[in-house]
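Take a look at the letters that make up each chain.
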Amino acid sequence: MTRVIIELDVILRGVTHFYDDSTADQGKQVKLGFLTGLVPKRRSLAFEIILFRATRGNVFLRQSFVDEVVIDPNSGEKVKKNVFVVFFSGEKAKSKILKICKAFEANRYPFAEDLGKQPQIILKVSGKLFELKTTIGAGLLHCANLLETI
């Protein structure tokens, strides 16, 4: 649970800057879907190439390096990862992207379309992460105190 929240926090901090320059003319805007997540850094280039080929170039992929090493929630190993956002159009493209994400062991996480809600979501995730760290710290302290009394 903690590992998933840590990854979600990494994504929220990493993906937000992709939207900073999003000043587009509302009249010419096309409704695109998008998926966000983390992909192992060692597989990110192959991930990008396969996405491009499978969708015949009809996706827009943005990746950002994560400075810290993240513990993968599935394997429990420390892994360097990249945050990614894939923009696409159509359900066929979405299903292909989902299959590719699964094949490349990319952990996908939800990201709200409304950019105004992002600060609230970041605060919520950060609060939950702080709460979990505090609980774990208190549990370790309690355990150490019990071991000292034995």
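Look a little higher up for the structure.
As the structure is a computational prediction, the values presented were derived from the model and not from experiment.

Trainee: Help me out: how do you make sense of helix α3 (residues 91-103) in this one?
Mentor: Owing to its 3.6 residues per turn, the α-helix aligns residues three or four sequence positions apart on the same side. Its 13 residues give α3 an end-to-end C-alpha distance of 18 Å, which sits within 8% of 18 Å, the value for a rise of 1.5 Å per residue. Among the residues making up α3, those that are buried are Ala 93, Ile 97, Ile 100 and Cys 101. What you see down the axis of α3 is that its buried residues fit within an arc of 100°, all on one side. For α3, the exposed residues lying more than 90 degrees away from the buried face are Glu 91, Lys 92, Lys 99, Lys 102 and Ala 103. For α3, the elements touching its buried residues are β1 (33-40), α2 (44-54), β2 (59-65), β5 (81-88) and β6 (107-109). Of the residues trailing α3, Glu 105 is marked for its positive phi of about 55°.

Trainee: Is there a simple way to think about the side chain of Asn 82 in this case?
Mentor: Tracing the chain through its elements places Asn 82 in strand β5. Separated by 3.2 Å, the side chains of Asn 82 and Gln 63 make a polar contact. When residues no more than four places from it in sequence are discounted, the contact partners of Asn 82 are Gly 37, Leu 38, Val 39, Lys 41, Ser 44, Gln 63, Ser 64, Phe 65 and Val 66.

Reading the values: rules and limits
Residues numbered from 1 in each chain as written. Predicted model: local features only at pLDDT ≥ 70, side-chain atom pairs only at ≥ 80, totals over all residues. Heavy atoms only, no water. Helix = DSSP H or I, 4+ residues; strand = E, 2+ residues; numbered from the N terminus. Expected span 1.5 Å × (residues − 1). Buried < 20%, exposed > 50% of the residue type's maximum accessible area, 1.4 Å probe, protein only. Arc of directions from axis to C-beta. Contact = heavy atoms within 4.5 Å. Polar contact = N/O pair within 3.5 Å; in protein donor to acceptor, adjacent residues only side chain to side chain.

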